[in-house]
Amino acid sequence: MAVPKGKLVIIGGAVDMGSGISDQEHILQPNYIKFFEKGILRRIITESANQEGSVVEVITTASQIPELVGTEYIKSFNQLNVTHINVLDIRNREDAMKPEYLERIRKADVVMFSGGDQLRLSSIFGGTEFLQILKHRYCHENFVIAGTSAGAAAASANMIYRGQSSDALVKGEVQITAGLGFIDSVIIDTHFVQRGRIGRLFYAVATNPGLLGIGLGEDAGLLITEGNCMEAIGSGLTILVDGRGIIRTNIYEVELGAPVSIENLKVHVLSIYDKYDLEQHRLVIKNEVKVEEGVFIQMPDASDLQ
């Protein structure tokens, strides 16, 4: 696969907006999008070619409450002096094929997928010209694709779309399908720490140890450049699960519904500004990060990945 010129930002999410929310309590709270305050959203704009002058298209397809979600994203981007914000209210495959929507993503600098249900993203955008345009621009242009929660989970070629955390290491409980395919060789889970989803990721990696498992905590994200250099952003933790060294697993031997065993699974923990190279499988830990008035400041480090 060619080295993409675009940038991918995947975010664990702070609130599962539109997925399992019966009321509007989270959205009506002023601080419900925590990563906006911690700098992830600002980092997305900084990485865009036109920065504050960027045209941003927010895709609320995954959410069950797209109007509220779209409004809150507009407010949050406006707080960063970004004013060219639009919402693509795509609710089915017919919407995704509208010529005016295709033209808008051709002109956007940043596309942001909201949270919700990742299966809606894969089933609505899979095989469409809309998705082809996004992939082409990501590969060939300085174009930013970002996604939070479901939008992050759907970013990879393989996607977890179902699985109870309590039963995750039982054969057949975690269900995986094809995602949007912006990045290969990884599989992503979100709301990772708060919802105890480490078992889901262990299981997913055991089914194919060639995939690097990425578990994004809330207020945690990864900036991925050149398709392989991952930088941790946000104040939360990111867990990487490397299955290449698995010595033994019974996942292919036990019956459906039986527990699964795995030997020699490797786990890394990343915090803000740490970097991981997907090609070399090398982790670089930042030696010094200052905190001033709640803001994380990156200090010079000669060990940066080049």
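Residues numbered from 1 in each chain as written. Predicted model: local features only at pLDDT ≥ 70, side-chain atom pairs only at ≥ 80, totals over all residues. Heavy atoms only, no water.

**Considering the overall build of the chain**
Argument step 1. Tallying secondary structure elements over the chain gives 10 helices and 19 strands in all.
Argument step 2. When burial is assessed residue by residue, the chain has 53% of its 306 residues classed as buried.
Argument step 3. Sequence separation of at least 24 residues holds for 72% of the intrachain contacts in the chain that already meet a minimum separation of 6.
Argument step 4. A total of about 13,500 Å² of accessible surface is found on the chain, and carbon and sulfur atoms cover 47% of it. (Helix = DSSP H or I, 4+ residues; strand = E, 2+ residues; numbered from the N terminus. Buried < 20%, exposed > 50% of the residue type's maximum accessible area, 1.4 Å probe, protein only. Contact = heavy atoms within 4.5 Å. Areas by Shrake-Rupley, 256 points an atom, 1.4 Å probe, with all protein chains shown as cover.)

**Focus: the environment of C139**
Argument step 1. Topologically, C139 is positioned in helix α8 (residues 129–140).
Argument step 2. Residues C139 and P4, 135 residues apart in the sequence, show an inter-C-alpha distance of 4.0 Å.
Argument step 3. For C139, the contacting residues outside a window of four places in its chain are A2, V3, P4 and K5.

**Re the packing of helix α6 (residues 99–107) against α8**
Argument step 1. Remark: α6 packs on α8, axes separated minimally by 10 Å, with the N-to-C direction vectors making an angle of 10 degrees. Viewed along their axes, α6 and α8 adopt a mutual orientation that is roughly parallel. Contacts from Y101, L102, I105, R106 and K107 in α6 reach E129, F130, I133, L134 and R137 in α8.
Argument step 2. Its residues assigned to classes, the contact of α6 with α8 comprises 6 nonpolar, no polar and 4 charged. (Axes fitted to C-alpha atoms, helices over the stretch in contact; angles between N-to-C directions. Parallel < 35°, antiparallel > 145°, perpendicular 65-115°, else oblique. Nonpolar A, V, L, I, M, F, W, Y, C, P; charged D, E, K, R; others polar.)

**A look at a nonpolar patch on the surface**
Argument step 1. Among the surface-exposed residues, L237, V267 and V269 lie close enough to one another that they form a single nonpolar patch of about 220 Å² accessible area.
Argument step 2. On the basis of relative accessible area, V267 is assigned to the partly exposed category, the value being 37%. (Patch = residues over 30% accessible without salt bridge, like charges linked within 9 Å, V, L, I, M, F, W, Y side chains within 5 Å. Salt bridge = Lys/Arg side-chain N within 4 Å of Asp/Glu carboxyl O.)

**A closer look at the packing of aromatic side chains**
Argument step 1. Under the definition given, this model contains 4 aromatic pairs.
Argument step 2. When the centroid spacing of 6.4 Å and the interplanar angle of 40 degrees are considered together, the rings of F113 and F182 count as tilted. Taken as a pair, F113 in strand β4 (residues 110–113) and F182 in the loop between β7 (175–178) and β8 (183–189) lie far apart in primary sequence, 69 residues in all.
Argument step 3. F182 gets classed as buried once you look at its relative accessible area, which sits at 3%.
Argument step 4. Joined through ring pairs, the aromatic side chains of F113, F125, F130, Y138 and F182 make up one cluster.
Argument step 5. For R137, the ring lying beneath its charged end belongs to F143, and the centroid distance is 4.2 Å. (Phe/Tyr/Trp six-rings, centres within 6.5 Å; stacked < 30°, edge-to-face > 60°. Lys NZ or Arg CZ within 6 Å of the ring centre and 35° of its normal.)

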